[in-house]
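Chains, contacts and geometry: an overview
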Amino acid sequence: MAKGKGGGTVAVVERIARPVVEQLGYRLWDVRYEKEGPDHFLRVFIDKDGTMSTEDCERVSRALDPLIDEADPIEESYYFEVSSPGLGRRLTRPEHFAAVAGQKILVRLYRADESGEKEFSGILGGLEGETITLDTPAGEKSFALGDLALAKLCDDEDLF
């Protein structure tokens with residue numbers, strides 16, 4: 001199997017992980033291969049209805065670890081982690097927006113809009129094609145997915 005960085009690695013790991021994660025009763029939220037300082041991290045994010053536990057992550061990690069080792073998609077040494085995407089989960093794929101429709105999210109744009117604003121929060125109305133709608137205190141706003149520098153769920157704001 002071809003080795004690669006970033007997108008290639010993520011695609012290989014995602015192909016391996018998705019059926020295993022789903023067979024174990026979880027949803028594959030995301031796969032990220034990231035460099036932090038001198039270290040590389042392969043991160044698999046899983047989700048389920050209800051509360052996630054460390055035992056859930058351990059169960060998936062134990063199932064995936066030998067399969068990823070066998071496929072050997074990464075040349076350099078790395079740390080392998082399985083975790084929940086968390087309360088303030090990043091929304092990076094169309095299915096993420098569909099999963100959290102009706103909930104409060106935060107979006108940050110690459111460039112300010114016509115009003116000079118770059119950051120908005122509100123209730124996600126949904127995703128249509130490549131555009132999301134957000135019900136903000138200033139009214140309904142629409143954003144192209146390609147214009148979003150960051151989108152994340154705001155479930156954690158009441159915790160602090």
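Provided above is the structure to which this section pertains.
These notes cover the structure that comes with them. (Residues numbered from 1 in each chain as written. Predicted model: local features only at pLDDT ≥ 70, side-chain atom pairs only at ≥ 80, totals over all residues. Heavy atoms only, no water.)

1. As for the nonpolar core
Formed by 22 residues in total, the largest nonpolar core has its most connected members in V21, V31, L42, V44, I46, V60 and L64. Among the elements of the structure, α1 (7–23), β1 (27–36), β2 (39–47) and α2 (54–71) are those that each provide at least two residues to this core. If sequence neighbours within four positions are ignored, I46 has contacts with V21, Y26, R27, W29, M52, D56, C57, V60, V82, S83, S84 and P85. If you look at the next biggest cluster of nonpolar residues, it comprises 17 residues, including W29, L91, F120 and L148. (Core = buried A, V, L, I, M, F, W, Y, C linked by side-chain atoms within 4.5 Å. Buried < 20%, exposed > 50% of the residue type's maximum accessible area, 1.4 Å probe, protein only. Helix = DSSP H or I, 4+ residues; strand = E, 2+ residues; numbered from the N terminus. Contact = heavy atoms within 4.5 Å.)

2. A look at the side chain of D56
Counting through the fold element by element, D56 comes out in helix α2. Polar side-chain contacts of D56 include one of 2.7 Å to the side chain of Y26. One polar contact links D56 to K48, side chain to side chain, over a distance of 3.1 Å. Apart from the residues within four sequence positions on either side, D56 is in contact with Y26, I46, K48 and T51. (Polar contact = N/O pair within 3.5 Å; in protein donor to acceptor, adjacent residues only side chain to side chain.)

3. Topic: the packing of aromatic side chains
Taken as a whole and assessed by the stated rule, the structure comprises two aromatic pairs. With 5.3 Å between their ring centres and 25 degrees between their planes, F41 and Y79 make a pair best called stacked. Placement of F41 in strand β2 and of Y79 in strand β3 (residues 79–83) is noted, with a sequence separation of 38 residues between them. Owing to a relative accessible area of 12%, F41 belongs among the buried residues under this scheme. Its relative accessible area of 46% is what places Y79 among the partly exposed residues. (Phe/Tyr/Trp six-rings, centres within 6.5 Å; stacked < 30°, edge-to-face > 60°.)

4. Considerations on the pattern of salt bridges
Within this structure, the stated rule accounts for 15 salt bridges. Here D30 ties to R93 by a salt bridge, and the two come within 2.9 Å at their closest N and O atoms. Here D30, found in strand β1, pairs with R93, found in the loop between β3 and α3 (94–99); they are 63 residues apart in sequence, far enough to count as distant. Here D30 matches R93 in class, with each residue buried. Members of the salt-bridge network, linked through shared partners, are E14, R18, E22, D30, R32, R93 and E95. (Salt bridge = Lys/Arg side-chain N within 4 Å of Asp/Glu carboxyl O.)

5. Some details on the sheet that holds strand β5 (residues 119–128)
On the basis of which strands lie adjacent, the open sheet formed by five strands has the order β7-β6-β5-β4-β8 and antiparallel pairing. One side of each edge strand has no neighbouring strand; the edge strands of this open sheet are β7 (139–144) and β8 (148–153). Between one strand and the next, the sheet's axes are offset by a mean angle of 40 degrees, whatever the strand orientation. For β5 and strand β6 (residues 131–136), the ladder comprises five bridges, and the chain directions are antiparallel. Each bridged residue has a counterpart across the sheet, and for L127 the counterpart in β6 is I132. (Pairing = 2+ DSSP bridges. Axes fitted to C-alpha atoms, helices over the stretch in contact; angles between N-to-C directions.)

6. Quick notes on the environment of D135
Looking at the element boundaries, D135 is found in strand β6. Relative accessible area serves as the criterion here: at 48%, D135 is assigned to the partly exposed category. Here the alpha-carbon distance between D135 and D49, two residues 86 residues apart in the chain, equals 25 Å. Excluding its chain neighbours within four sequence positions, the residues that come into contact with D135 are G122, I123 and E140.

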